[in-house]
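# A closer look at the structure
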Amino acid sequence: MELGPYLLLATLEGAVTAAVLALTAVGLSLVFGVMRVVNIAHGEFFMLGAVIAWYVAQMMGGHPAIGFGAALILAPLLVGIIAVAVDMTILKRIDYDPERTIVATIGVLYIIQQLTLMGYGPEARPVAPPFNTRLAIPWWEFKDGSLQMYWPWGLSTTSYKLAVICAAPVVLLGVWLMMARTKIGLLMRATQQDRDMALAFGIPVERVYALVFGIGAGLAALAAVLIVPIQQAHYLMGADPLLLSFIVVIIGGLGSLPGTVVAAILIGLSDGIISVFFSPTLAKILATLLVGLVLVFRPNGLFGTRGS
């Protein structure tokens, strides 16, 4: 078989990674862009989304679509509420100081991780997808002077993976519309531009911060719900999303949502393709090397500005 069909399959796998990574990284970028807070616990909010999805799916029973649909709503909502509580009880009390928030969110990371281990256990547990039809993927080649389609054996994906790829742009469009066209988005942008001026105009900055922190965590949890039928819920699953999200945010530009999306697509596709043809470890090494090159030659990221 030619290289092309394998490359197409690897690209589809990378697109799934890119879709989930974009949602996770946009949540991290939103928090930094508005609050100037580096949330080290972001990966644990991702993990909580997957674990809550498993619990919800088990409690609902019946057809997998029922439990998954409930988890798709409840997990981001519950994780968002937990994040708001973290903001109001911890980050607010240290006045969102950049250095202390890093230490505080590291503490939150270990608290969430250990509580999950105590309540959920060390096992990795799957969540059944709402639908999972296997779909053969066609390929085209020139034969006898014409372009002909054929179906390579073993070249296939699932309907659920395609749904994940399609769902991410819809959610990201919703985030953009919220930021650009709603009053809440206007308050977020005003707070991002100048906190003191926003306070002078009567904007409840601390409430905006709590909302942003909750939305960022909710996006990570939503990404986890989408990926958990493909992977499995585990109390240590937050490490890789956190690392890749930081890589994406640094490459795209701190606080730049468009840059984050572009970088997520770049890293996600390259991770999928390199993992299929070589190894996942090599993919992580090359991504880290790319971060180093960006920091050396363009410290503000591909889409960042000097003010960000």
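A brief report on the enclosed structure follows. Being a predicted model, the structure only gives us computed values, none of them experimental.

Before going further, it helps to spend a moment on the overall build of the chain. Each helix and strand counted, the chain has 11 helices and four strands in total. Radius of gyration (C-alpha) of the chain: 20 Å, near the 19 Å computed for a compact globule of 308 residues. Taken over the C-alpha atoms alone, the chain extends approximately 75 × 50 × 35 Å along its principal axes. Expressed as a percentage of the 308 residues in the chain, the buried residues total 48%. Long-range contacts, defined here as pairs at least 24 residues apart, represent 75% of the contacts in the chain between residues at least 6 apart. Counting every atom, the chain has about 15,100 Å² of accessible surface; 70% of that belongs to carbon and sulfur. Between the centroid of the 16 positive side chains of the chain and the centroid of its 15 negative side chains there is a distance of 7 Å.

This part takes up the pattern of salt bridges. Should their charged atoms come close, side chains of opposite charge can pair. Going through the model one piece at a time under the given rule, you end up with six salt bridges. Two residues, E13 and K161, come together in a salt bridge whose shortest N-O distance is 2.9 Å. Within this pair, whereas E13 is found in helix α1 (residues 3-35), its partner K161 is found in helix α5 (residues 159-181), the two being separated by 148 residues in sequence. Between D97 and R100 there is a salt bridge; the shortest N-O distance is 3.8 Å. Take R100: its relative accessible area is 46%, and that puts it in the partly exposed class.

With that settled, consider the packing of aromatic side chains. Under the defined criterion, the tally for this structure stands at seven aromatic pairs. For the pair W54 and Y120, a centre-to-centre distance of 5.6 Å together with 85 degrees between the ring planes defines the contact as edge-to-face. Taken as a pair, W54 in helix α2 (residues 42-60) and Y120 in helix α4 (residues 98-120) lie far apart in primary sequence, 66 residues in all. Residue class for Y120 comes out buried when judged on its relative accessible area of 3%. Centre to centre, the rings of F68 and Y160 are 5.8 Å apart; their planes meet at 85 degrees, and the pair counts as edge-to-face. Of this pair, F68 sits in helix α3 (residues 64-91) while Y160 sits in helix α5; the two residues are 92 residues apart in sequence, bridging distant segments of the chain.

Looking at where P229 falls in the secondary structure, it is placed in the loop between α8 (205-227) and α9 (239-252). Through-space distance from the C-alpha of P229 to that of W54 is 9.4 Å; in sequence the pair is 175 residues apart. Not counting residues up to four positions away in its chain, the partners in contact with P229 are F68, V127, A128, P129 and Y160.

Definitions and cut-offs
Residues numbered from 1 in each chain as written. Predicted model: local features only at pLDDT ≥ 70, side-chain atom pairs only at ≥ 80, totals over all residues. Heavy atoms only, no water. Helix = DSSP H or I, 4+ residues; strand = E, 2+ residues; numbered from the N terminus. Rg over C-alpha atoms; globule rule 2.2 N^0.38 Å. Buried < 20%, exposed > 50% of the residue type's maximum accessible area, 1.4 Å probe, protein only. Contact = heavy atoms within 4.5 Å. Areas by Shrake-Rupley, 256 points an atom, 1.4 Å probe, with all protein chains shown as cover. Lys, Arg positive; Asp, Glu negative; His and termini not counted. Charge placed at Lys NZ, Arg CZ, Asp CG, Glu CD. Salt bridge = Lys/Arg side-chain N within 4 Å of Asp/Glu carboxyl O. Phe/Tyr/Trp six-rings, centres within 6.5 Å; stacked < 30°, edge-to-face > 60°.

Purely spatial values, then, with no claim about function.
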